[in-house]
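Listed here are the chains, written in short residue letters.
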2 protein chains.
Amino acid sequence: MRSTKLHVDAIRKLLMAGATSRLDRMLVRLRPADLANLFGELSPGETRALVEVLFTAERAGITMRELPREILPEVLEVLEDQRIAKILERMEPDDAASFLFALDEERRGPVLELVAEPRQQELRWHLLYPEESAGSVMTPRVMVVHPDDTAEQAIDMIRKQGDKFEAASYLYVIDVDRHLLGVVPLRRLIAASPDQPMRQLMVADPVSVNAWSDREEAAAIVSRYNLLSLPVVDEQLHLLGIITVDDVIDIIQEEATEDFYRMAGLSGEDRVFSPIGRSIVKRYPWMLVNLGTALLAAWVVGLFQNTIAQLVSLAVFMPVVAGMGGNGGIQALTVMTRGIALGELEFARVSHAFLKELTIGLAIGAGVGALTALLQYLWQGNPYLGLVLFLAMTITMITGGIMGAAVPLFLRAIGRDPAMAAGVIVTTFTDVVGFFTFLGLATLMLTYFQ
Amino acid sequence: MRSTKLHVDAIRKLLMAGATSRLDRMLVRLRPADLANLFGELSPGETRALVEVLFTAERAGITMRELPREILPEVLEVLEDQRIAKILERMEPDDAASFLFALDEERRGPVLELVAEPRQQELRWHLLYPEESAGSVMTPRVMVVHPDDTAEQAIDMIRKQGDKFEAASYLYVIDVDRHLLGVVPLRRLIAASPDQPMRQLMVADPVSVNAWSDREEAAAIVSRYNLLSLPVVDEQLHLLGIITVDDVIDIIQEEATEDFYRMAGLSGEDRVFSPIGRSIVKRYPWMLVNLGTALLAAWVVGLFQNTIAQLVSLAVFMPVVAGMGGNGGIQALTVMTRGIALGELEFARVSHAFLKELTIGLAIGAGVGALTALLQYLWQGNPYLGLVLFLAMTITMITGGIMGAAVPLFLRAIGRDPAMAAGVIVTTFTDVVGFFTFLGLATLMLTYFQ
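**Observations regarding the overall build of chain A**
Step number 1: Each helix and strand counted, chain A has 23 helices and seven strands in total.
Step number 2: The C-alpha atoms of chain A give 29 Å as radius of gyration, which overshoots the globular expectation for 450 residues (22 Å, by more than 25%).
Step number 3: Referenced to the eigenvectors of the C-alpha coordinate spread, the extents of chain A come out at roughly 95 × 60 × 40 Å.
Step number 4: A buried classification covers 49% of the 450 residues belonging to chain A.
Step number 5: In chain A, once contacts between residues fewer than 6 apart in sequence are set aside, the share between residues at least 24 apart is 71%.

Here it is in structure tokens:
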């Protein structure tokens with residue numbers, strides 16, 4: 001990876017010199033994934049030229065499937081429709097489909113028109129499945145056999161057309177109507193005697209996933225049962241395709257990033273390398289939502305201006321109460337969101353998780369509140385303000401714990417992503433509750449302060 | 001998964017009735033991963049009894065390897081040393097090693113003493129590698145062949161001992177000194193003619209990882225090159241073992257959780273199902289750090305008590321300035337942390353990423369600041385306070401962008417985890433800068449306010 005820059009410089013020189021055959025030889029020595037890395041560094045013109053060379057060398061497909069999803073749109077933007085159509089024809093079907101999804105929506109139709117059959121048909125069929133569904137990430141290229149085929153026949157089939165099947169590790173056994181019956185690991189096939197039928201070798205009733213399920217569910221199944229690929233079926237258990245473990249790894253990485261991003265109110269397309277203008281446009285709406293919630297908290301403070309005017313020290317401790325409540329809430333939220341994402345809630349009852357965060361909020365709130373009260377007393381010598389601090393921090397941290405646990409569960413219950421906007425909901429609540437209890441209690445006890 | 005409770009109830013009844021043979025028949029029908037799920041629901045006594053039945057049925061090993069890492073310690077706690085030793089003997093070597101790591105450190109020695117050879121030796125050798133290294137997660141069980149072996153000989157070898165190798169998809173080619181020479185996918189072996197030597201079939205010079213590298217690096221390589229397993233070697237390229245793709249998925253999930261947790265100052269052992277007392281103890285130190293930084297911000301506010309006393313509206317807008325700066329900082333931080341974790345910084349230069357977050361901070365800060373100033377003017381009619389708000393919010397959001405980008409890069413540069421404590425550093429900075437610029441500018445302009 002340290003050599004990326006070296007390679008970029010060399011490629012740039014060879015492109016400028018038009019030394020395509022030397023460039024060719026250099027590119028052959030690079031692995032597709034390493035080659036894909038270089039694209040981020042090239043100008044639009046250089047990208048076009050490099051794709052041209054790769055295409056001639058029949059390496060455009062395998063290289064471009066390794067491009068990170070996030071820079072793919074930028075690379076595709078500089079290529080002509082005709083060229084993209086040709087690349088789509090040469091790629092694996094599932095890679096071609098994700099390429100098509102990466103194109104601007106208005107370009108998909110025209111590009112698809114240019115793709116030769118049967119690929120065009122395959123791709124149209126892929127677009128039937130919703131984005132982020134199991135169907136949208138599967139490949140229809142599966143090695144299938146029938147229950148009465150012998151090991152010898154299966155081996156013969158692999159010998160004849162094995163190269164078409166990317167990284168296959170299993171044979172799938174289907175009946176004449178394509179119903180999924182079983183799965184035969186290649187290792188078992190190798191160890192079999194030549195006349196053994198698939199019926200005997202297969203593991204019957206294999207795990208599968210419905211094509212309309214969320215791709216995240218497919219990834220969870222592969223991870224849970226340690227599979228190398230997962231069959232995708234329809235309601236009648238017809239085999240439609242498979243999802244391979246390398247795609248599962250991509251899904252898991254993307255979903256983790258999505259959760260991270262959603263907690264901070266970021267769009268998935270806002271990456272380190274995405275253009276500044278786009279990032280600004282994407283972040284603005286969220287910051288306006290944040291501003292709205294901040295102004296709500298400010299309005300609560302505004303209710304107590306008279307109290308603050310009489311005891312300015314209150315303004316000093318306001319951020320402590322609200323901030324600690326917010327931090328406690330974010331901790332509860334993180335544990336719960338990740339627990340949902342990893343399916344840990346199956347191991348723990350929801351009521352237990354809820355009660356737990358409430359108890360932690362009480363225990364830490366009371367402890368930290370007492371400490372703050374003590375420090376305040378040593379600093380400013382006002383025992384009544386200390387009492388108000390203690391009570392307000394305890395109540396706010398309990399609120400943080402409850403909200404941190406409740407918000408993702410509630411979002412999931414109404415069918416939304418548990419991480420979606422959860423951070424801002426929780427901190428708004430703790431801000432409002434924190435300011436209200438702290439300043440409200442101070443107002444009630446104001447006579448003791450003076 | 002909805003059926004977990006049903007299964008638990010049934011198992012509980014059969015355990016109580018001592019109906020082990022019926023329990024046995026029920027357990028055989030459950031997949032190991034689903035069975036592992038049930039453990040979270042059982043009492044210590046029930047856990048012990050269930051493990052006993054599983055052990056007799058020779059299913060304890062395959063079931064317990066599916067236990068989530070986080071509840072493993074609790075299950076192991078209730079089992080006797082003797083029983084654990086027996087289970088270790090029957091497990092795959094890499095699973096056995098991660099079991100051993102899950103034991104309390106003082107129990108590892110005594111349990112290991114009870115493990116029969118050669119497994120005891122294997123495990124001692126596993127413990128040589130540091131925790132979280134590639135070596136600690138590899139399995140030494142690899143199917144190896146020599147370059148002059150024919151396809152027929154290789155197939156014969158698989159037939160004889162294939163069952164010992166979990167989910168193997170490749171043969172590894174080594175010389176007499178165990179130097180790694182190449183790799184043969186099983187699919188290619190099947191398609192080969194019987195007398196073809198491995199030398200001809202193998203992909204030479206395969207990607208590998210050093211045993212002392214971080215396991216995260218191993219996971220990144222597998223994900224990048226779409227491998228089903230990755231050979232682990234020493235400095236002289238001797239083959240030591242392999243890391244399989246199912247372990248890679250676990251590593252990716254755990255590392256993502258770690259990053260999530262570190263951003264919120266949580267310990268990895270603080271899960272939805274972990275005991276309340278332990279969570280409180282783990283969260284306390286971090287909340288004390290948070291309190292320290294909150295008090296630092298409070299101290300800054302304290303410097304300006306006189307100003308606030310003269311214009312109480314300032315207290316109303318304090319949380320808006322600091323909060324918006326903090327949110328902007330967390331966004332920049334999230335993009336950068338995730339970018340580092342996914343290796344995206346290879347595609348974008350660091351200086352570009354840095355400048356980008358600075359620009360976004362300026363653009364959003366100025367926009368949101370101007371809007372806040374306008375709203376303040378409509379609400380309270382004070383143009384000078386509006387100007388102060390605009391300037392303070394712009395400066396604070398720029399600070400947030402710079403710090404959000406800089407902190408993880410700095411932490412990585414000094415060899416720490418980029419997510420470690422980054423959230424609290426960034427928000428402390430934005431709080432202090434926000435309060436200082438807002439109240440400081442207000443103090444300077446105080447004469448205009450009246």
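Let's pick the thread back up.
**With respect to the interface of chain B and chain A**
Step number 1: Taken together, the contacts link 93 residues of chain B with 93 residues of chain A.
Step number 2: Considering each element in turn, the side of chain B that touches chain A owes the most residues, 17 residues, to helix α19 (residues 313-341) of chain B.
Step number 3: Grouping the constituent residues of the side of chain B that touches chain A by class yields 59 nonpolar, 21 polar and 13 charged.

**Some points on the nonpolar core**
Step number 1: Residues Tyr172(A), Val173(A), Val321(A), Tyr172(B), Val173(B) and Val321(B) are the most contacted members of the largest nonpolar core, which totals 220 residues.
Step number 2: In this structure, Tyr172(A) is in contact with Val142(A), Met143(A), Val144(A), Leu180(A), Val183(A), Pro231(A) and Leu239(A), ignoring residues within four places of it in sequence.

**A few points about the domain arrangement of chain A**
Step number 1: Parsing chain A into structural domains produces domain 1 (4-137), domain 2 (144-245) and domain 3 (276-449).
Step number 2: Of note, the centres of domain 2 of chain A and domain 3 of chain A, computed from C-alpha atoms alone, are 52 Å apart.

**Notes on the relation of the copies chain B and chain A**
Step number 1: Rotating chain B by 180 degrees and moving it 0.1 Å along the rotation axis overlays it on chain A with an RMSD of 0.3 Å. Put plainly, the chains are arranged around a two-fold axis.
Step number 2: Most of the interface of chain B is mirrored in chain A, where 100% of its interface residues are also at the interface.

**A closer look at the sheet that holds strand β6 (residues 229-233) of chain B**
All names here are of chain B.
Step number 1: Within the open sheet, the three strands sit side by side as β5-β6-β7. Their pairing is mixed. Both outer strands of the open sheet, β5 (209-210) and β7 (239-244), are each paired with one neighbouring strand and no more.
Step number 2: Along the sheet face, helix α16 (residues 245-263) touches β6 and β7 and points at about 65 degrees away from the line of β7.

**Considerations on the packing of helix α17 (residues 276-303) of chain A against helix α22 (residues 422-444) of chain A**
Residues and elements named next belong to chain A.
Step number 1: Direction vectors running N to C along α17 and α22 enclose 10 degrees, while the axes themselves pass 9 Å from each other. Overall, the two elements α17 and α22 adopt an arrangement that is roughly parallel. In this structure, α17 contributes Val289, Asn290, Thr293, Leu296, Ala297, Val300 and Val301 to the contact, and α22 contributes Val424, Thr428, Asp431, Val432, Phe435, Phe436 and Leu439.
Step number 2: Partitioning the contact of α17 with α22 into residue classes produces 10 nonpolar, three polar and one charged.

**Quick notes on α17(A)**
Step number 1: Counted at 1.5 Å a residue, the expected span for α17(A) with its 28 residues is 40 Å, and the 40 Å between its end C-alpha atoms agrees.
Step number 2: Taking the largest bend as the criterion, α17(A) deviates by roughly 30 degrees, centred on Tyr284(A), and proline Pro285(A) comes between one and four positions later.
Step number 3: Buried residues of α17(A): Ser279(A), Arg283(A), Met287(A), Asn290(A), Leu291(A), Ala294(A), Leu295(A), Ala297(A), Ala298(A), Val300(A) and Val301(A), and no others.
Step number 4: Contact partners of the buried residues in α17(A): α22 of chain A together with α19 and α20 (350-380) of chain B.

**Regarding the pairing of strand β3 (residues 180-185) of chain B**
Residues and elements named next belong to chain B.
Step number 1: Burial of β3 is extensive: five of the six residues sit out of reach of the surface.
Step number 2: Pairing analysis gives five bridges linking strand β2 (residues 170-174) to β3, with the strands arranged antiparallel. When the sheet's bridge partners are listed, Tyr172 is paired in β3 with Val183.
Step number 3: What sits between β2 and β3 in their antiparallel hairpin is a turn of five residues, with Arg178 showing a positive phi close to 70 degrees.
Step number 4: In this structure, β3 lies alongside strand β4 (residues 203-204), joined through two bridges in antiparallel fashion. Its bridge partner lying in β4, Gly182 is registered against Ala204.

**Considerations on the sheet that holds strand β3 (residues 180-185) of chain A**
Step number 1: The mixed open sheet is built from four strands, whose spatial order is β1-β2-β3-β4 (chain A). Here the strands that pair on one side only, and so sit at the sheet edges, are β1 (144-145) and β4 (203-204) of chain A.

**Thoughts on the environment of Thr63(B)**
All names here are of chain B.
Step number 1: Along the polypeptide, Thr63 turns up in helix α5 (residues 60-64).
Step number 2: Thr63 sits in the buried class, given 24 other C-beta atoms within 10 Å.
Step number 3: The spatial distance from the C-alpha of Thr63 to the C-alpha of Met91 is 9.9 Å, given a sequence separation of 28 residues.
Step number 4: Once residues lying within four places of it in the same chain are set aside, the contact partners of Thr63 are Pro32, Leu35, Ala36 and Leu54.

**Here we look at the pairing of β6(B)**
All names here are of chain B.
Step number 1: Most of β6 sits inside the fold, with four of its five residues counted as buried.
Step number 2: Sheet analysis places β6 next to β7, joined by five bridges and oriented antiparallel. Along β7, the bridge assignment pairs Val233 with Leu239.
Step number 3: The antiparallel pairing of β6 with β7 creates a hairpin that spans five residues between the two strands, and Leu237 there sits at a positive phi of about 65 degrees.

**Thoughts on helix α8 (residues 93-102) of chain B**
Step number 1: All of the buried residues in α8(B) are Asp94(B), Asp95(B), Ala96(B), Ala97(B), Phe99(B) and Leu100(B).
Step number 2: Each element contacted by the buried residues of α8(B) is listed here: α7 (81-90), α9 (105-114), α10 (119-126), α11 (134-137) and α16 of chain B.

**Observations concerning the packing of α7(B) against α9(B)**
Residues and elements named next belong to chain B.
Step number 1: It is the contact of α7 with α9, at a shortest axis distance of 8 Å, that shows an interaxial angle of 65 degrees. Both α7 and α9 take part in a crossing whose hand is right-handed. Note on element contacts: α9 touches α7 through Arg107, Pro110, Val111 and Leu114, opposite Asp81, Gln82, Ile84 and Ala85.
Step number 2: Residues that form the contact of α7 with α9 fall into these classes: five nonpolar, one polar and two charged.

**Thoughts on unusual backbone geometry**
Step number 1: The linkage connecting Glu117(A) with the following residue, Pro118(A), adopts the cis geometry, with an omega of 5 degrees.
Step number 2: Within the fold, Pro118(A) resides in the loop between α9 (105-114) and α10 (119-126).
Step number 3: In this structure, Asp205(A) takes a positive phi of about 55 degrees despite not being glycine.
Step number 4: Examined against the element boundaries, Asp205(A) turns out to sit in the loop between β4 and β5 (209-210).
Step number 5: Even without glycine at this site, Asn226(B) takes up a positive phi of about 50 degrees.

**As for the confidence of the model for chain A**
Step number 1: Mean pLDDT over chain A works out to 84, with 94% of the residues at or above the 70 mark.
Step number 2: Overall fold confidence for the complex sits at a pTM of 0.75, while the interface term, ipTM, reaches 0.74.

**A look at the environment of Gln196(A)**
Residue and element names in this part refer to chain A.
Step number 1: On the secondary structure map, Gln196 appears in the loop between α13 (186-191) and α14 (198-201).
Step number 2: According to the C-beta neighbour criterion, Gln196 is partly exposed, with 17 such atoms within 10 Å.
Step number 3: Gln196 sits 45 residues away from Ala151 along the chain, and the two C-alpha atoms are 5.5 Å apart.
Step number 4: Excluding anything up to four places from it in sequence, Gln196 contacts Thr150, Ala151 and Leu201.

**What about the environment of Leu296(A)?**
Step number 1: Considering the arrangement of structural elements, one finds Leu296(A) in helix α17.
Step number 2: Not counting chain neighbours up to four residues away, the residues in contact with Leu296(A) comprise Thr428(A) and Val432(A).

Cut-off values and rules
- Every chain begins its residue count from 1, and numbering advances along the sequence as written.
- Each chain takes a letter, starting from A, and each ligand takes a number, starting from 1, following the order in which they are written.
- Side-chain atom pairs in this predicted model are given and counted only at pLDDT of 80 or more, local residue features only at pLDDT of at least 70, and totals for whole chains, interfaces and linings cover all residues.
- Numbering of helices and strands runs from the N terminus; a helix is a DSSP stretch of H or I covering at least four residues, while a strand is a stretch of E covering at least two.
- Two things to know: the radius of gyration comes from C-alpha atoms, and the globule rule equals 2.2 Å times the number of residues to the power 0.38.
- Counting other C-beta atoms within 10 Å of its own, a residue is labelled buried from 20 upward, exposed at 12 or fewer, and partly exposed in the gap between, with every C-beta atom placed from the backbone.
- Think of it this way: build a C-beta for each residue from its backbone, and any pair within 7 Å is a contact.
- Three residue categories are used. Nonpolar comprises Ala, Val, Leu, Ile, Met, Phe, Trp, Tyr, Cys and Pro, charged comprises Asp, Glu, Lys and Arg, and polar comprises the others, including Gly.
- We define the nonpolar core as any set of buried residues of the types Ala, Val, Leu, Ile, Met, Phe, Trp, Tyr and Cys, connected via C-beta atoms lying within 7 Å of each other.
- Per the annotation, domain bounds derive from an automatic or database assignment of domains.
- The copies are overlaid by a least-squares fit using only the C-alpha atoms of residues whose pLDDT is at least 70 in both copies.
- Strand pairing follows a simple DSSP-based rule, namely that at least 2 bridges must link the two strands.
- To get an axis, a line is fitted to the C-alpha atoms, and for a helix only the part in contact is used. The angle between two axes follows their N-to-C directions and goes from 0 to 180 degrees.
- Angular relationships are summarised with four words: roughly parallel below 35 degrees, roughly antiparallel beyond 145, roughly perpendicular across 65 to 115, and oblique for the angles in between.
- Given the number of residues in a helix, its expected span is that number minus one, multiplied by 1.5 Å.
- Two axes define the bend at a residue: one fitted to the seven residues ending there, one fitted to the seven starting there, and the bend is the angle between them.
- If you view the pair so one helix is near and one far, a crossing is left-handed when the near helix is turned anticlockwise from the far one by less than a right angle, and right-handed when it is turned clockwise.
- A residue's pLDDT is simply how confident the predictor is in it, with values from 0 to 100.

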